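# Per-entry structural report
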Amino acid sequence: MTSLLRCENLTVRLGRKTVIDGFTADFAAGTLAVLSGPNGAGKTTLLRTLARALAPSAGRVLLDGHPSAAIPRAAWARRVAYLPQSPDARSLAGFPVRAAVAAGRLPHAGFFGTLARRDEDAIDRALAATGLSPLAAADAGSLSGGETRKMFLAAALAQEAETLLLDEPFEGLDAPARAALADTLRAQLAAGRAVVLATHDLVPLAGIPHRVIEIKAFENNSKKLSGENLVISHVQEGVGRAVPARRREKCQRNGPEMCGRMFSHGSDRMASAHPAASDCTFQHPAARGLAALPGFAQTKTQGFRQTTPKTKNRHPHLENENAKRAEKPGGPNCLPSLSIFKKVVPSCFTLLLPLLLAAALAALAVCGCPPGLLWSYRVPRLLCAFCVGGILAVAGCIYQTLFRNPLASPYTLGTASGATLGAYLATAFAPGLVSVGGAAFAGALLSLALVRACGGSGGRPARLLLGGIACAYLFGAGTMLCQFAMTPWESFSMAHWSLGGIVVPEGPWRIALPAAWCAALATVLLSRPLDALLAGDDAAFSHGLDPARLRFALLAGAALLVACAVAVCGPVGFVGLLVPHLARLAGGAAHRRLLPACAIGGGLFLALCDAAARALPFAGTPPVGIVTAVLGAPALALLLARSSR
């Protein structure tokens, strides 16, 4: 057989612990290799290393004789698919199941590409193979544990790779779903694909020829995968053998659990034929046990056998009552019209609300304003508020996605603190030499560099978040020191600037601010990689992405956008925290719609807040940051209360 994947003298160390030590194996086309062993033995580490989610300490992984490091990640993902053991499904709330499965076609569609017809067909086949076709439009966050497992399995199958790496694929699945997955594995092997899976349950694999790589423990109780402890056994290659009649009767009496134990993996007694059972062919033990139980019948559904109890209707009068209820105007017959109503009304509301808000803003700007003042002050101020609000909202959406934290904001990484410190330094020690906006921009870039140094090369979200908090406290201390060195008037002026206020941009900022808003809107081209990052780094690796590099590139871009907004208007709070939540309620969680909604909704929100600030009965116009805080804090509390119910 042709060897698709091979590892030579593979050694992986996690910290000071050696998990894999000198492991060598071939995984040929059309074969199934099963990793079996105790918890913590190294099964997941081996699969992650084969999937290039972990770099080996020594040795190498070969694909068709080529080193894995020499193959681009997208090309690798087109040939090797990986199902992580514990992908993160909590961040996928609001995504349709089909959109989550479509992430598996990301290596074929390209970094910015759209899905072609062949990609849609591959998604349909993956949904049908896992029995998720009826749930294609359901919310991925509302699925059960087993359905979530099948969704990520469908994403791996949608890649249509030559090699499948599956980590605990049977976990959380019921007996029919396990039987269906066994049939799917059999079909993958028949198509010439190599399958490597780690599992503790070998019963569903009965009847499929495979080899077992058993991981044993050393004498000092340390478990690691080593060539010395490699046990390869070829079992269950006699598919279709007869089952003795007395064992079949015992299976009927004891149910599917004992049936699975009787036909346990590697049992030599199972191979013995019995004359009285010559008409009994082998099938999945759990499904056979359910079929043998009294009161159960097998009904064929999409791709797997499902058992339904044969129960009589104890309340026959309910059938007539339900029939009468269906004939009423408010009964089940009107459900299609209600569903259409629920779909049409939110879409119309989403389209009309921005138009109404834009019309209201235009009326506020034009009403009672001389033409000269309108075009020299009102319109530029309105456009500045729109651009700054859209930039902050898009940056907040990116931060919430990258950190998988709904409370992340554009100032999480200390960007606002760095910009504030730069502005204070320019005012206190270089007045007139350096502009406040340029110094704020430089301070934001300095904060980004320090966070990058604190986060390390791995770019883990937790380390980046802690690095941002540390930089924010450091820059806050520097700001207080500058306030101590300033004159009272300079200190008051900078404190007023730090509250955030909409001003008419001057000089190069007249061009830089609209260009930054266009760049924020252009992040919609990265919507599919952002969707893939929500499921975790391992899932992103399996789809051909490099999470560390992609995360830092997006963080750097978002920090530059925030620096540009802060340099013009100062730090304006709550826009990047609140608007992405409102946009998710209006248009869903998919970034293809979420990012444009944030760019437009954030601009309208900040423009309305600026109009409300100008309408307040004060001698001067209060900073818009005060209005956003007054409106944003209660709105955020309502959103949190709504999500907790």
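Let me begin by describing the structure that accompanies this report. (Residues numbered from 1 in each chain as written. Predicted model: local features only at pLDDT ≥ 70, side-chain atom pairs only at ≥ 80, totals over all residues. Heavy atoms only, no water.)

### A word on the nonpolar core
Counting 76 residues, the largest nonpolar core has V388, Y399, L513 and L554 as its most contacted members. Among the elements that make up this core, the one with the highest residue count is helix α21 (residues 547-569) (15 residues). Residues in contact with V388, not counting those within four places in the same chain, are L513, A565, C569 and L606. Counting 46 residues, the second-largest nonpolar core is a separate cluster that includes A109, A140, L143 and A158. (Core = buried A, V, L, I, M, F, W, Y, C linked by side-chain atoms within 4.5 Å. Buried < 20%, exposed > 50% of the residue type's maximum accessible area, 1.4 Å probe, protein only. Helix = DSSP H or I, 4+ residues; strand = E, 2+ residues; numbered from the N terminus. Contact = heavy atoms within 4.5 Å.)

### Quick notes on the packing of helix α22 (residues 575-587) against helix α23 (residues 591-615)
The interhelical angle for the contact between α22 and α23, taken along N-to-C directions, is 125°, at an axis separation of 9 Å. Between α22 and α23, the interaxial angle falls into the category oblique. Crossing geometry of α22 relative to α23 is assigned as right-handed. Here V575, L578, V579, P580, A583, R584 and G587 of α22 lie close against α23, whose contacting residues are R593, L594, A597, C598, G601, G602, F605 and L606. (Axes fitted to C-alpha atoms, helices over the stretch in contact; angles between N-to-C directions. Parallel < 35°, antiparallel > 145°, perpendicular 65-115°, else oblique. Left-handed = near helix turned anticlockwise from the far one by under 90°.)

### Some remarks on helix α18 (residues 509-521)
Taking 1.5 Å of rise per residue, 13 residues should cover 18 Å, and α18 covers 18 Å from first to last C-alpha, within 8% of that figure. When we look at burial in α18, the residues that qualify are W509, L513, A516, W517 and A520. Projection of α18 onto a plane perpendicular to its axis shows the buried side chains occupying an angular sector of 100°, all on one side. (Expected span 1.5 Å × (residues − 1). Arc of directions from axis to C-beta.)

### Points about the side chain of T628
Within the secondary structure, T628 sits in helix α24 (residues 624-644). A relative accessible area of 0% means that T628 is categorised as buried. Among the polar contacts listed, one links the side chain of T628 to the backbone oxygen of G573, at a separation of 3.1 Å. Setting aside chain neighbours within four positions, we find T628 in contact with V572, G573, F574, V575, F605, L606, C609 and A633. (Polar contact = N/O pair within 3.5 Å; in protein donor to acceptor, adjacent residues only side chain to side chain.)

### Observations concerning the pattern of salt bridges
For the structure shown, the criterion picks out 19 salt bridges. A salt bridge links D546 to R549, with the nearest nitrogen and oxygen atoms 3.4 Å apart. R549 sits in the exposed class, given a relative accessible area of 66%. With a shortest N-O distance of 3.7 Å, D610 and R614 are connected by a salt bridge. Taken together, the residues D610 and R614, both in helix α23 and four residues apart, mark about one turn of the helix. By relative accessible area, R614 is classed as partly exposed at 30%. Residues joined by salt bridges that share partners form a network here, namely R6, E8, D26 and R60. (Salt bridge = Lys/Arg side-chain N within 4 Å of Asp/Glu carboxyl O.)

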